[in-house]
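# Coordinates in review
Letter by letter, the chains look like this.
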Amino acid sequence: MSFVTPDQPRRATDARGAGARPPGRAGPPRRVPAARAAPSGRSHAPLTVAALVAATGAAVTTWLPVALALWLFQLSEDAGSLLDAARAGAAGWLLGHGVPLVTATGPLGLAPLAVTALAMWRLVRAGVHASRAIGARGGRSPGRTLAAAAAVGVAYGLLGALVAVLVGAGGPGVSPVRAGLTLVTVGTLAAGVGAARTTGVAGVLAEQTPMPLREGVRAGLVAALVLLGAGAAVAGLAVATGGGDAADLIGAYQTGVAGQAGITLVSLAYAPNASVWSASYLLGPGFAVGTDTAVRTSEVSVGALPALPLFAGLPSGPVAGLGAVTVLALPVLVGMATGWLLARRLLRLATAERTPLSWRRLLGPAALAGPVAGLLLGAAAQASGGPLGAGRLAQVGPVGWQVALAALLVTGAGALLGAAATRWLTRPAT
């Protein structure tokens, strides 16, 4: 004898399916609506649109501060319009990327490195935004990484060529071809850094890089940054001690408060150049402020200089006595500190792995720190110089290869000495 509960027929019907009919009932089976497709993932923008938007955003956010500073710089009682400031800002924007301008007084190629740094940062962010927009985030795809970087670079180069045409129509002469090629190269490289970090390709490359090379590059980068920081400190101290001269130079323009603010902003745009020149001064090669001039620890020979606050902190003569010893020892101490930090890091890794730290594993990265620091500082020195006209100021700034060679020798020797000393002193403890 079986007992049937009231809900059993419903379960049987459910088990047969929604489209079935109970037995004994005539009629066609009920049509079952097709199941709705699962919602697809987030829609992504086309690569061309994403690259163009990212490149335009990077260009505009870099151009606006330059145009504002130059507008304030041009302000006097009745001078300086927004259209002139926009055109001058576009010219300064191109100059910040290393594109030389042709003026009535000669070529102008001294790039403000503050604008260069701002443009590089915005281009890195453009690579990040473009990679996210096309859905390549975390995909670890080298092809999509290169595609995003190249698309941003090409879009940036097209914008640069267009700006060069507009600037050349009513201002200083500039080559659209050179502007386009320069901005394509800069845009692709900088956007590639951001795209590689977003897609995860940078992490894959870091994992596949041998440990000595990875540690050596890191140590060289630290040494270069510390030397640039020391140069910035020395340059700031020189400007502070000669602050009266800088204030007199700014006040000599007689452009009012707004104009003096613009002059100050333009001077700050060249502050990284002064830091690189000061680092070159500490390393020994020094720099030039005109043809047949030299500013070194052992020699200072300069002629008449333009009334620019950038030249207010120049030394008045060679360094002697205790000051000379301090200046010459500072880069070596930076190299030794780099070697000490490297050795401490490798000792901690060896302790965690419970393996002894061999001299080969230690001195290999320390020997690489010198060439890496030399390459970085040489490139910075080369980028920080350029002509300020066709006259005696046609040569301003340091010589790149001389700075690179000095940094390689001083930093490399200091890093080896610091790493070896740290390893020897901590040998009983390990």
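This one's a predicted model, so the numbers in the text were calculated from it and none came from an experiment.

### Observations concerning the overall build of the protein chain
Looking only at helices and strands, one finds 14 helices and 6 strands in the protein chain. The contacts of the protein chain with a sequence gap of at least 6 include a subset with a gap of at least 24, amounting to 74%. Here the protein chain has roughly 22,800 Å² of accessible surface; of this, 67% comes from carbon and sulfur atoms.

### As for the pattern of salt bridges
Tallied over the full model, the rule gives 5 salt bridges. Taking the shortest distance from any N to any O, the salt bridge between Asp84 and Arg87 comes out at 3.7 Å. Here Asp84 pairs with Arg87, and both are found in helix 3 (residues 82-96), just 3 residues apart, close to one helical turn. The partly exposed category is assigned to Asp84, whose relative accessible area is 36%.

### Topic: the layout of surface pockets
For the largest pocket, the calculated volume is near 990 Å³. Leu70, Leu95, Leu108, Val266 and Tyr270 are, among the 38 residues lining the largest pocket, the residues nearest its centre. Put simply, the parts of the chain that give the lining of the largest pocket at least two residues each are helix 2 (47-74), helix 3, strand 1 (101-103), strand 2 (106-108), helix 4 (113-133) and helix 10 (256-269). If you tally residues by element for the lining of the largest pocket, the top one is helix 2, at 7 residues.

### Brief notes about unusual backbone geometry
The residue Asp292 is not glycine, and still its phi comes out positive at about 60°. Mapped onto the fold, Asp292 is located in the loop between strand 3 (288-289) and strand 4 (294-295). Classification of Asp292 by relative accessible area gives exposed; the value is 74%. Located in the positive-phi region is Arg354, a residue other than glycine, with phi close to 60°. For Arg354, the location among the structural elements is in the loop between helix 12 (322-353) and helix 13 (359-384).

### Topic: the packing of helix 13 against helix 14 (residues 400-425)
Closest axis-to-axis distance for the helix 13/helix 14 pair is 7 Å, and the angle between their directions is 155°. Judged by the inter-axis angle, helix 13 sits roughly antiparallel to helix 14. As for how helix 13 packs across helix 14, the hand of that crossing is right-handed. Here the contact of helix 13 with helix 14 is composed, by residue class, of 19 nonpolar, 7 polar and 1 charged.

### As for the confidence of the model for the protein chain
For the protein chain, the mean per-residue pLDDT works out to 84, and 83% of the residues sit at or above 70. With pLDDT under 50 throughout, residues 31-41 is counted as low confidence; its partners more than four residues away or in other chains account for 1 contact.

### Focus: the environment of Trp401
Counting through the fold element by element, Trp401 comes out in helix 14. Judged by its relative accessible area of 58%, Trp401 falls in the exposed class. The spatial distance from the C-alpha of Trp401 to the C-alpha of Gln382 is 8.0 Å, given a sequence separation of 19 residues.

### Focus: the packing of aromatic side chains
What the rule picks out here adds up to 2 aromatic pairs. Where Trp93 meets Tyr156, the ring centres are 5.7 Å apart and the plane angle is 70°; that geometry is what we call edge-to-face. With a gap of 63 residues between them, Trp93 in helix 3 and Tyr156 in helix 5 (residues 142-170) connect regions that are remote in the sequence. The exposure class of Trp93 is buried, given its relative accessible area of 2%. Judged by its relative accessible area of 0%, Tyr156 is buried. A ring pair is formed by Trp277 and Phe287, whose centres lie 5.5 Å apart and whose planes are at 25°; its orientation type is stacked. Taken together, the residues Trp277 in helix 11 (residues 271-283) and Phe287 in the loop between helix 11 and strand 3 connect sequence positions 10 residues apart. Phe287 matches Trp277 in its accessibility class, with the two residues each being buried. Between Arg122 and the ring centre of Trp121, over which it is positioned, the NZ or CZ distance is 4.9 Å. Across from the ring centre of Trp359, 5.5 Å away, lies the NZ or CZ of Arg423, which sits over that ring.

### Things to note about the environment of Trp63
With respect to the helices and strands, Trp63 occurs in helix 2. Judged by its relative accessible area of 26%, Trp63 falls in the partly exposed class. It is 8.1 Å that separates the C-alpha atoms of Trp63 and Gly92, two residues lying 29 residues apart in sequence. Not counting the four nearest positions on each side in its chain, Trp63 is found in contact with Ala86, Gly89, Ala90 and Trp93.

### Brief notes about helix 8 (residues 211-241)
For helix 8, spanning 31 residues, the distance from its first C-alpha to its last is 45 Å, which sits close to the expected 45 Å at 1.5 Å a residue. By the burial criterion, the buried members of helix 8 are Met211, Glu215, Gly216, Ala219, Gly220, Ala223, Ala224, Leu227, Ala230, Gly231 and Ala235. Tucked inside the fold, the buried residues of helix 8 contact helix 11, helix 12, helix 13 and helix 14.

### So, the packing of helix 12 against helix 14
Describing two packed helices takes the angle between their axes plus the distance from one axis to the other. Their axes nearest at 6 Å, the elements helix 12 and helix 14 cross at an angle of 45°. Looking at the two axes, helix 12 sits oblique to helix 14. In the packing of helix 12 onto helix 14, the handedness of the crossing is right-handed. Residues Pro331, Val332, Gly335, Met336, Gly339, Trp340, Ala343, Arg344 and Leu347 of helix 12 lie in contact with helix 14, whose contacting residues are Val410, Thr411, Gly414, Ala415, Leu417, Gly418, Ala419, Thr422 and Arg423. When grouped by side-chain class, the residues that make up the contact of helix 12 with helix 14 number 10 nonpolar, 6 polar and 2 charged.

Definitions and cut-offs
Residues numbered from 1 in each chain as written. Predicted model: local features only at pLDDT ≥ 70, side-chain atom pairs only at ≥ 80, totals over all residues. Heavy atoms only, no water. Helix = DSSP H or I, 4+ residues; strand = E, 2+ residues; numbered from the N terminus. Contact = heavy atoms within 4.5 Å. Areas by Shrake-Rupley, 256 points an atom, 1.4 Å probe, with all protein chains shown as cover. Salt bridge = Lys/Arg side-chain N within 4 Å of Asp/Glu carboxyl O. Buried < 20%, exposed > 50% of the residue type's maximum accessible area, 1.4 Å probe, protein only. 1 Å grid on protein atoms, 1.4 Å probe; cavity = no way out; pocket = protein on both sides within 12 Å on 5 of 7 lines; lining within 4 Å. Points joined across faces, edges and corners; volume = space filled by probe spheres on them. Axes fitted to C-alpha atoms, helices over the stretch in contact; angles between N-to-C directions. Parallel < 35°, antiparallel > 145°, perpendicular 65-115°, else oblique. Left-handed = near helix turned anticlockwise from the far one by under 90°. Nonpolar A, V, L, I, M, F, W, Y, C, P; charged D, E, K, R; others polar. pLDDT = per-residue confidence, 0-100. Phe/Tyr/Trp six-rings, centres within 6.5 Å; stacked < 30°, edge-to-face > 60°. Lys NZ or Arg CZ within 6 Å of the ring centre and 35° of its normal. Expected span 1.5 Å × (residues − 1).

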